[in-house]
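Read off the chains here:
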Amino acid sequence: MRRKVPPGAVLETWNFFEDLARSLHAVHRLPLQGAVHNSAYEKLFGGESAAWTPDEQRAVLELITAGVELWNTCPVIVNPCSVIVSDGEPGIPRVL
């Protein structure tokens, strides 16, 4: 049995991965989008993802898979220091 994924979640995921790729200067890590991607996106945006062709389904899966792979390569900073400020005392910084 196949699960139905909410179209809104897929659309948000697609947009997130495109934004992530652009912010990391890694657009080349996502598949080159052409007419099939555009058609799938338009159907998704219009709430008609149930009408995807097999080619459109493959294109969306390829893009989401590449996006997950990109996400998994992102650096992780453990316990980042938010802001270091001086509290007016010379040489005594503190973390906010």
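See the structure above.
This one's a predicted model, so the numbers in the text were calculated from it and none came from an experiment. (Residues numbered from 1 in each chain as written. Predicted model: local features only at pLDDT ≥ 70, side-chain atom pairs only at ≥ 80, totals over all residues. Heavy atoms only, no water.)

Caption draft 1: A look at the overall build of the protein chain. Counting secondary structure elements, the protein chain contains three helices and two strands. Reading the secondary structure of the protein chain in the N-to-C direction produces α-α-α-β-β. Put simply, the protein chain has 96 residues, and 25% of those count as buried. Excluding contacts between residues fewer than 6 apart, the proportion of contacts in the protein chain whose partners are at least 24 apart in sequence is 53%. Accessible area for the protein chain stands at about 7300 Å²; split by element, carbon and sulfur atoms hold 59% of it. (Helix = DSSP H or I, 4+ residues; strand = E, 2+ residues; numbered from the N terminus. Buried < 20%, exposed > 50% of the residue type's maximum accessible area, 1.4 Å probe, protein only. Contact = heavy atoms within 4.5 Å. Areas by Shrake-Rupley, 256 points an atom, 1.4 Å probe, with all protein chains shown as cover.)

Caption draft 2: Structural view of the environment of Leu30. In this structure, Leu30 sits in the loop between helix 1 (7-23) and helix 2 (35-45). A C-alpha to C-alpha distance of 8.1 Å links Leu30 and Leu70, two positions 40 residues apart in sequence. Among residues more than four places away in sequence, those in contact with Leu30 are Phe17, Glu18, Ala21, Leu63, Ala66 and Gly67.

Caption draft 3: View of unusual backbone geometry. A positive phi is found at His25, a non-glycine position, where the angle reads about 55 degrees. With respect to the helices, strands and loops of the structure, His25 is situated in the loop between helix 1 and helix 2. Judged by relative accessible area, His25 falls into the exposed class, the value being 70%.

Caption draft 4: Structural detail: the side chain of Lys43. Locating Lys43 in the fold gives a position in helix 2. When its relative accessible area of 19% is taken as the criterion, Lys43 is described as buried. Polar side-chain contacts of Lys43 include one of 2.9 Å to the side chain of Glu56. Dropping the residues within four chain positions of it, Lys43 is found in contact with Glu48, Ser49, Ala51, Trp52, Thr53 and Glu56. (Polar contact = N/O pair within 3.5 Å; in protein donor to acceptor, adjacent residues only side chain to side chain.)

Caption draft 5: Spotlight on the packing of aromatic side chains. Inspection of the entire model under this criterion finds three aromatic pairs. Between the aromatic rings of Trp14 and Tyr41, the centroid separation amounts to 5.0 Å while the plane-to-plane angle is 80 degrees, which identifies the pairing as edge-to-face. With a gap of 27 residues between them, Trp14 in helix 1 and Tyr41 in helix 2 connect regions that are remote in the sequence. Through successive ring pairs, a cluster of aromatic residues spans Phe16, Phe17 and Trp71. (Phe/Tyr/Trp six-rings, centres within 6.5 Å; stacked < 30°, edge-to-face > 60°.)

Caption draft 6: Quick look at helix 1. Its 17 residues give helix 1 an end-to-end C-alpha distance of 24 Å, which sits within 8% of 24 Å, the value for a rise of 1.5 Å per residue. Those residues of helix 1 lying buried are Val10, Leu11, Trp14, Phe17, Glu18, Leu20 and Ala21. Check the buried side of helix 1 and you find it contacts helix 2 and helix 3 (54-72). One or two steps after helix 1, the chain reaches His25, where phi turns positive at roughly 55 degrees. (Expected span 1.5 Å × (residues − 1).)

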